[in-house]
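Spelled out from the first residue to the last, the chains are:
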There are 2 protein chains.
Amino acid sequence: MALIVQKYGGTSVAGANRIKNVARRIIKKREAGHQVVVVVSAMGDTTDDLIKKAYRINEFPDKRELDVLLSTGEVVSSTLLAMALHGMGYPAISLSGAQAGIKTDAAYSRARITSIEPTRITRELEKGNIVIVAGFQGVTEDLDITTLGRGGSDTTAVALAAILKAEACERYTDVDGIYTADPRLLPEAKRLSEIGYEEMLEMVTYGFKAIHPRAVELGEFYGVPIIVASSFKEKPGTLIHKEVSMEIRNKVRGIAHDLDVAKITVVGVPDHPGIAAQIFVPLAEAGISIDTIVQNASVKNITDLTFTIEKSQLNVAMAVVEPIARSIGAEKCVGDLNWGKVSIIGTGMQNAPGYAARMFDTLSKENINIQLITTSEIRITCIIEEARVKDAVRALHHAFELDKEA
Amino acid sequence: MALIVQKYGGTSVAGANRIKNVARRIIKKREAGHQVVVVVSAMGDTTDDLIKKAYRINEFPDKRELDVLLSTGEVVSSTLLAMALHGMGYPAISLSGAQAGIKTDAAYSRARITSIEPTRITRELEKGNIVIVAGFQGVTEDLDITTLGRGGSDTTAVALAAILKAEACERYTDVDGIYTADPRLLPEAKRLSEIGYEEMLEMVTYGFKAIHPRAVELGEFYGVPIIVASSFKEKPGTLIHKEVSMEIRNKVRGIAHDLDVAKITVVGVPDHPGIAAQIFVPLAEAGISIDTIVQNASVKNITDLTFTIEKSQLNVAMAVVEPIARSIGAEKCVGDLNWGKVSIIGTGMQNAPGYAARMFDTLSKENINIQLITTSEIRITCIIEEARVKDAVRALHHAFELDKEA
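If you're wondering where the values come from, they're calculated on a predicted model, not measured in any experiment. (Residues numbered from 1 in each chain as written. Chains lettered and ligands numbered in written order. Predicted model: local features only at pLDDT ≥ 70, side-chain atom pairs only at ≥ 80, totals over all residues.)

### Considering the sheet that holds strand S10 (residues 194-196) of chain A
Residues and elements named next belong to chain A.
- Ordered by their spatial adjacency, eight strands build an open sheet running S3-S6-S2-S1-S9-S11-S12-S10, and the pairing between neighbours is mixed. Looking at the sheet topology across the chains shown, the edges are occupied by strand S3 (92-95) and S10. In this sheet, adjacent strand axes meet at a mean angle of 20° when their direction is disregarded.
- Bridge analysis of strand S1 (residues 3-8) against strand S9 (residues 168-173) gives five bridges, and the strand direction is parallel. In the sheet register, Tyr 8 faces S9, and the bridge partner there is Tyr 172. (Pairing = 2+ DSSP bridges. Helix = DSSP H or I, 4+ residues; strand = E, 2+ residues; numbered from the N terminus. Axes fitted to C-alpha atoms, helices over the stretch in contact; angles between N-to-C directions.)

This is the structure we're talking about:
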């Protein structure tokens with residue numbers, strides 16, 4: 001008998017029928033002889049609806065109050081799922097984040113789990129209960145409710161799997177696994193049966209939305225195998241774990257893309273120490289998260305500084321950067337929206353040369369201009385025109401032979 | 001500076017505008033120099049909507065899970081009210097029943113408050129916060145969430161007023177006070193400026209829905225003055241407290257009525273000890289709450305036993321009673337729906353004769369037949385035909401001169 005942690009996303013529990021469907025899946029696992037702990041998100045659009053309610057009352061809602069408000073969404077779905085299991089004749093109990101012993105810091109709306117005290121969960125499992133835990137939430141030392149930010153329920157699930165030493169953390173949602181590219185963009189993309197944590201982390205960070213990066217990091221740190229699968233279809237999904245098989249190490253594993261890229265270039269920046277800080281510290285203080293930064297080689301101590309951000313943040317970022325650009329004597333500031341990102345990812349890259357060359361060559365043959373390049377040990381990312389992202393994904397998917405096998 | 005506990009019902013917080021309106025009322029009290037603790041119900045139909053959600057999943061929802069589910073309604077309204085106060089520039093914090101230190105027994109769906117540990121409330125008041133407490137809920141020793149049953153938010157408010165030694169508990173809802181009769185039935189009914197706990201208790205138990213009897217009992221026990229007033233209009237409301245003025249003691253204070261009465265008569269019951277228990281124990285076990293019981297004087301050891309219940313419970317009650325009636329050798333069982341109740345209430349009655357006579361005489365002149373009579377020290381109730389209840393209320397209101405003054 002193994003302990004399994006399952007996590008069901010918001011679309012999987014949107015409505016009575018879907019909740020009953022989830023209950024049947026849980027029962028299957030239980031009938032196979034396992035103890036089951038289930039983490040649920042709020043039903044469908046509940047969280048967004050609650051946020052709207054708050055903003056109708058106050059344009060700048062207090063973060064503590066907002067966290068308490070949002071935490072009710074997961075409490076509702078967890079109780080309904082417990083009731084569904086009871087209706088099918090199985091013992092189950094719902095626990096809030098606080099009851100499940102999930103302690104966090106007091107950083108409302110983006111709290112970090114500091115520790116988990118799983119005695120209540122363990123006691124309920126010993127009683128024979130299926131334990132349903134409200135995801136996305138925890139409690140501070142002062143017993144104030146916090147939420148873990150976007151992707152929080154994934155984090156709850158992996159953290160519980162770690163502390164309970166579960167055999168695996170199964171994450172069910174409306175996608176049936178990790179693909180070699182986004183199947184909505186590229187129908188011939190293939191589902192991967194397994195993938196390593198690091199590759200997965202690069203893929204979710206660079207465009208795949210299948211699971212939150214925090215959850216993958218946590219899974220890697222504690223060595224929790226994570227299975228990403230569909231809550232609607234009976235398909236095996238993708239196993240995220242430590243080692244991928246020897247045979248597939250030397251390969252690109254997936255093509256990630258992201259259409260949400262805006263670019264700002266500060267032209268003619270005097271190149272001396274401290275300039276970058278003068279630009280990026282105020283941006284960070286304005287809550288703008290910078291993605292890629294590229295500084296061209298300096299010519300006569302004058303350089304161009306380019307960085308990318310989310311499209312929705314372009315106006316705010318320009319408002320922050322323009323006065324700074326003037327004050328440091330830069331020539332001008334250019335911002336525009338029509339950019340995208342395409343990345344090739346695979347642990348194989350770190351030991352073998354030639355991947356970058358093949359990527360650039362492929363894009364060149366498609367007549368796709370590369371604006372910026374960034375790399376990690378297991379990833380190469382090119383910023384290209386948004387309108388050409390789809391062509392790039394298709395060409396790279398073919399060039400790296402991802403359409404041949406998964 | 002006094003401490004005031006205010007309680008706002010579901011209609012008072014149904015929607016953003018009403019929540020802001022409530023916030024303005026709270027601020028008025030605060031600006032008058034008071035510390036304010038506010039208890040809120042769930043917004044509008046929230047509780048009923050959550051109950052429907054549960055029953056769509058499971059026809060017999062587990063009571064523990066249902067309590068957790070329902071408790072979210074008050075948490076939502078309390079956070080939104082705190083946000084509204086912030087928006088108007090006032091410091092406020094919402095607390096769940098658990099955070100407010102409200103401990104209960106584990107009788108889910110109808111839990112009783114066992115103790116209140118108000119340290120968190122006191123700390124927040126000392127910080128200068130307006131404290132918003134989610135009504136209707138508490139927490140067991142095991143940190144499981146409970147609800148207090150219907151009227152629970154009233155109970156929360158009065159209990160907090162008692163433990164915090166508040167100057168008063170102000171209960172705001174869509175009625176602007178206690179009237180000499182239901183103003184929807186009798187437009188000439190007068191608002192009472194004050195009323196004693198016992199009279200109020202009889203009035204709410206016998207048909208007035210203005211406040212829950214548990215809250216009145218609790219208020220009486222701890223000597224908490226309760227003010228019932230409208231959250232929409234600026235009117236003084238009615239003060240429920242220990243002593244009414246000398247001048248108005250010797251009077252009927254109000255006419256209560258109730259249209260929700262069904263009657264069952266077990267005809268020809270052999271009159272020997274234990275018969276009543278044989279009938280009423282199974283009814284109690286079936287969850288049927290019996291209102292009035294009348295047993296006619298025995299003739300040749302054969303008697304008729306009549307009792308009244310809520311209309312919605314008639315079918316279930318008949319199904320329980322009929323087989324018992326057969327087994328004890330009763331002649332037959334007759335149940336019907338078309339009954340109502342009218343009561344005159346006033347502490348004056350306990351010291352002065354003639355009230356019953358005047359009541360019966362008044363009904364007789366109106367040609368209203370009395371089916372059953374029950375009395376307490378300060379109340380006389382007649383069960384009459386439902387169709388004649390309105391006539392009875394009007395006639396009694398006039399006969400006891402309630403239309404002359406309040």
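### What to know about helix H11 (residues 389-399) of chain B
Residues and elements named next belong to chain B.
- Listed as buried for H11 are Val 389, Ala 392, Val 393, Leu 396 and His 397. Taken end-on, H11 shows its buried residues confined to a sector of 125°, consistent with a single buried face.
- Among the structural elements, strand S13 (254-270), strand S16 (332-345), helix H10 (355-365) and strand S18 (379-385) are those in contact with the buried residues of H11.
- Note on H11: the residue one or two positions beyond its end, Glu 401, has a positive phi of about 60°. (Buried ≥ 20, exposed ≤ 12 C-beta atoms within 10 Å, placed from the backbone. Arc of directions from axis to C-beta. Contact = placed C-beta atoms within 7 Å.)

### Topic: the nonpolar core
- Within the largest apolar cluster, 241 residues are counted, with the highest numbers of intra-cluster contacts made by A:Val38, A:Leu81, A:Leu160, B:Val38, B:Leu81 and B:Leu160.
- Other than its neighbours up to four places away in sequence, A:Leu160 contacts A:Val5, A:Val37, A:Val39, A:Ile116 and A:Val133. (Core = buried A, V, L, I, M, F, W, Y, C linked by C-beta atoms within 7 Å.)

### Re the domain arrangement of chain A
- Taken domain by domain, chain A holds domain 1 (3-174) and domain 2 (255-399).
- If you average the C-alpha positions of domain 1 of chain A and of domain 2 of chain A, the two centres end up 37 Å apart. (Domains from an automatic or database assignment.)

### Quick notes on the interface of chain B and chain A
- Chain B puts 25 residues into the contact, and the matching count from chain A is 25 residues.
- Only helix H1 (16-31), helix H2 (46-57) and helix H3 (63-87) of chain B provide two or more residues apiece to the side of chain B that touches chain A.
- In terms of residue count, the dominant contributor to the side of chain B that touches chain A is H3(B) (13 residues).
- Taken together, the residues of the side of chain B that touches chain A sort by class into 14 nonpolar, seven polar and four charged. (Nonpolar A, V, L, I, M, F, W, Y, C, P; charged D, E, K, R; others polar.)

### Describing the pairing of strand S3 (residues 92-95) of chain B
Residues and elements named next belong to chain B.
- Of the two faces of S3, the one carrying Ala 92 and Ser 94 and the one carrying Ile 93 and Leu 95 are both buried.
- Relative to strand S6 (residues 130-134), S3 runs parallel, the two sharing four bridges. Bridge assignment links Ala 92 to a residue of S6, and that residue is Ile 130.

### Topic: helix H7 (residues 213-222) of chain A
- Within H7(A) the residues assigned to the buried category are A:Arg214, A:Ala215, A:Val216, A:Leu218 and A:Gly219.
- In the stretch just after H7(A), A:Gly223 is the one whose phi turns positive, near 65°.

### Looking at the relation of the copies chain B and chain A
- When chain B is fitted to chain A, the best match, at an RMSD of 0.2 Å, comes from turning it 179° and sliding it 0.0 Å along the axis. Here the two chains are linked by the operation of a two-fold rotation axis. Distance from the rotation axis, computed per C-alpha, reaches its smallest value in chain B at B:Thr72: 2.9 Å.
- Here 100% of the interface residues in chain B have copies in chain A that are interface residues too; the copies meet face to matching face. (Least-squares fit on C-alpha atoms with pLDDT ≥ 70 in both.)

### A few points about the packing of helix H5 (residues 152-163) of chain B against helix H7 (residues 213-222) of chain B
All names here are of chain B.
- Two numbers describe how H5 lies on H7: the axes approach to 8 Å, and their chain directions differ by 10°. Put simply, H5 runs roughly parallel to H7. Touching Asp 154, Thr 155, Val 158, Ala 159 and Ala 162 of H5 are Arg 214, Ala 215, Leu 218, Gly 219 and Tyr 222, all from H7.
- Residue composition of the contact of H5 with H7, by class: six nonpolar, two polar and two charged. (Parallel < 35°, antiparallel > 145°, perpendicular 65-115°, else oblique.)

### Some words on the pairing of S1(A)
All names here are of chain A.
- For S1, the tally of buried residues reaches five of six residues, placing the bulk of the element in the interior.
- Note: S1 against strand S2 (residues 35-40), six bridges, orientation parallel. Each residue of the ladder has a partner; that of Ile 4, found in S2, is Val 36.
- Regarding the hand of the β-α-β motif, the stretch spanning S1, helix H1 (residues 16-31) and S2 is right-handed. (Right-handed = clockwise from strand over helix to strand, strands pointing away.)

### Considerations on the sheet that holds strand S9 (residues 168-173) of chain B
Residues and elements named next belong to chain B.
- Taken together, the eight strands give an open sheet; going across it, the order is S3-S6-S2-S1-S9-S11-S12-S10, and neighbouring strands pair in mixed fashion. Since the sheet does not close on itself, it has two edges, and those belong to S3 and strand S10 (194-196), each with one partner. Adjacent strand axes in the sheet meet at a mean angle of 20°, parallel and antiparallel pairs treated alike.

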